[in-house]
Amino acid sequence: MAEPVISVSSLRTSFRRKGAWLPVVHDVTFDVAAGETVALVGESGSGKSVTAMSMMRLYASDTCRIEGEVKLEGEDLLKLSERRMRDIRGNRIAMIFQEPMTSLNPSLTIGDQISEVLVAHRGLSFTEAARETFGLMEKVRIPSSANRMKEYPHQLSGGMRQRIMIAMALACRPKLLIADEPTTALDVTIQAQILELIKLLQEEEGMGVLFITHDMGVVAEVADRTIVMYKGDAIERGRTEEIFASPQRAYTRALLSAVP
Ligand code: ADP
Ligand code: MG
């Protein structure tokens, strides 16, 4: 078994509500190894996104309290300064979301947005960045990349926009990719293509992937291991085949019964 890229222990996230701290993620522990995909699955509101956002420390510290450990290659992210954390977000962990449109700049071409990431996070010159941008677009299988580079986000379909988000994530050469419901807003056929792409890239790049979804069908497609979340707790975990073959918890069986 490879060393974990990320190792989350006893993660607990509480939000301030009416002067008190209300926990929404209680005690979540898991790790993800290089080259491995771990799924975090559970119904809407079970705490999957809060877990991911807490790992990235994306909440304001005056309204959110995060306890436990989030070790990236041995270093506890919860102990780092905000400045160091910004470097980590840009370079070692990348995150993609359900709706790519909200993370893309509507007034910049696709090519410029990818180049901007390369200049900002990898320190490339604009010329180098333009060349590598083309390479990244090919890598995420965008047809006629040279023309597409000059287009704006609204000119692309949802599936193409998600490919662009994946290209931007890969631009940082992350050790860990957190994908939070990246295919939920897409049509079923496009969804399958994006899942296929993520699997392929993971094999090529060897990064760890934390794949968040409410859909056990998607879990079956992508995940080596699966963690089932329910009301802010990880209630079941194991190799994906084992969870499908012999789920231990009634809740997991209910999730599985929704798979066609
Ligand atoms: P999901 O599993 O669907 O991703 P979330 O992690 O988004 O669920 O939400 C888990 C719980 O935390 C929900 O009850 C939600 O209302 C609550 N929650 C999420 N974000 C915040 C926030 N910023 N402030 C307060 N409560 C939140
Ligand atoms: Mg969510």
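Note: the structure precedes this text.
In this report, the structure presented in the accompanying data block is examined. Residue numbering note: each chain is counted from 1, following its sequence as written. Chain A is the first chain written and ligand 1 is the first ligand written, with later ones labelled in order. Per-residue local features are limited, in this predicted model, to residues with pLDDT of at least 70; the limit for side-chain atom pairs, both in listing and counting, is 80 or more; totals at the level of whole chains, interfaces and linings are taken over all residues.

Structural notes on the overall build of the protein
Broken down by element type, the protein carries 10 helices and 10 strands. The quantity called the radius of gyration is restricted to C-alpha atoms. Its globule counterpart is 2.2 Å times the number of residues to the power 0.38. The globule rule puts the C-alpha radius of gyration for 260 residues at 18 Å, and the 18 Å found for the protein is close to it. Each of the three principal axes of the protein carries a C-alpha extent, and together these read 50 × 45 × 40 Å. Exposure criterion: with C-beta atoms placed from backbone coordinates, a residue whose C-beta has 20 or more other C-beta atoms within 10 Å is buried, one with 12 or fewer is exposed, and one in between is partly exposed. Evaluated residue by residue, the protein yields a buried proportion of 37% over its 260 residues. Each residue gets a C-beta atom placed from its backbone, and two residues are in contact if those atoms lie within 7 Å. Intrachain contacts of the protein at a sequence separation of at least 6 include 66% that bridge at least 24 residues. Note on conventions: DSSP H or I runs of at least 4 residues are helices, E runs of at least 2 residues are strands, and numbering of each starts at the N terminus.

With respect to the pairing of strand 3 (residues 37-41)
Among the 5 residues that make up strand 3, 5 are buried, leaving the element largely enclosed by the rest of the structure. Burial along strand 3 is two-sided: T37, A39 and V41 facing one way and V38 and L40 facing the other are all buried.

Quick look at the site of ligand 1
By definition, a residue lies near a molecule or strand when the C-beta atom built from its backbone is within 6 Å of it. With respect to spatial proximity, the complete set of residues near ligand 1 consists of F15, V24, G42, S44, G45, S46, G47, K48, S49 and V50. Top element by residues in the shell around ligand 1 is helix 1 (residues 48-55). It accounts for 3 residues. Here the residues of the shell around ligand 1 sort into 3 nonpolar, 6 polar and 1 charged. Here the nonpolar group is Ala, Val, Leu, Ile, Met, Phe, Trp, Tyr, Cys and Pro; Asp, Glu, Lys and Arg are the charged ones; every other residue, Gly included, is treated as polar.

Overview of the packing of helix 3 (residues 110-122) against helix 6 (residues 158-171)
Between two packed helices, the angle of one axis relative to the other and the distance separating the axes together describe the packing. Fitted lines through C-alpha atoms serve as axes, helices being fitted only where they are in contact, and the angles separating the N-to-C directions of these axes extend from 0 to 180 degrees. Close contact between helix 3 and helix 6 brings their axes to 9 Å; oriented N to C, the two are set at 15°. In terms of orientation, helix 3 and helix 6 fall into the roughly parallel class. The chirality of how helix 3 crosses helix 6 is right-handed. From helix 3, I110, Q113, I114, V117, L118 and H121 reach across to helix 6, where they touch I164, A167, M168 and A171. Here the residues of the contact of helix 3 with helix 6 are counted per class, giving 8 nonpolar, 2 polar and no charged. An angle below 35 degrees is read as roughly parallel, one above 145 as roughly antiparallel, one from 65 to 115 as roughly perpendicular, and any other as oblique. Crossing handedness is defined as follows: a turn of the near helix away from the far one that is anticlockwise and smaller than a right angle gives a left-handed crossing, while the clockwise case is right-handed.

Side note on unusual backbone geometry
Residues other than glycine predominantly adopt negative phi, and peptide bonds predominantly adopt the trans conformation. Positioned with a positive phi, K18 is a non-glycine residue whose angle comes to about 50°. Take K18: it is sitting in the loop between strand 1 (4-17) and strand 2 (20-33). Not every positive phi belongs to a glycine, and E73 is a case in point at roughly 45°. Tracing the backbone shows E73 in the loop between strand 4 (64-72) and strand 5 (75-76).

Structural notes on the environment of Q98
Along the chain, the position of Q98 falls in the loop between strand 6 (93-96) and helix 3. When the C-alpha positions of Q98 and I212 are compared, they lie 10.0 Å apart, and in sequence the two are 114 residues distant.

A word on the environment of L176
Its location among the elements puts L176 in strand 7 (residues 176-180). Given 22 C-beta atoms within 10 Å, L176 falls into the buried group. Measuring from C-alpha to C-alpha, the distance between L176 and M95 comes to 8.5 Å, with 81 residues separating the pair along the chain. Apart from residues no more than four positions distant in its own chain, L176 is found in contact with V5, I6, V32, R92, I93, M207, G208 and L210.

Here's the deal with helix 6
Over its 14 residues, helix 6 extends 20 Å from the first C-alpha to the last, a length consistent with the 20 Å expected when each residue adds 1.5 Å. Most of helix 6 sits out of view: 11 of its 14 residues are buried. Among the residues of helix 6, those classed as buried are R161, Q162, R163, I164, M165, I166, A167, M168, A169, L170 and A171. Expected helix span is given by 1.5 Å per residue-to-residue step, counting one fewer step than there are residues.

Structural notes on the packing of helix 3 against helix 4 (residues 126-139)
The contact between helix 3 and helix 4 brings their axes to 8 Å, and the two run at 120°. The angle between helix 3 and helix 4 places the two elements in the oblique class. As for how helix 3 packs across helix 4, the hand of that crossing is right-handed. Seen from helix 3, the contacting residues are G111, I114, S115, L118 and V119; seen from helix 4, they are F126, A129, A130, E132, T133 and L136. Considered class by class, the residues forming the contact of helix 3 with helix 4 number 7 nonpolar, 3 polar and 1 charged.

Describing the pairing of strand 1
By the convention used here, strands pair only if DSSP detects at least 2 bridges between them. Sheet topology places strand 1 next to strand 2; 10 bridges connect them, and they run antiparallel. Note that in strand 2 the partner of I6 across the bridge is V32. Joining the antiparallel neighbours strand 1 and strand 2 is a turn of 2 residues, in which K18 adopts a positive phi near 50°. Where strand 1 meets strand 4, 8 bridges bridge the pair, whose relative direction is antiparallel.

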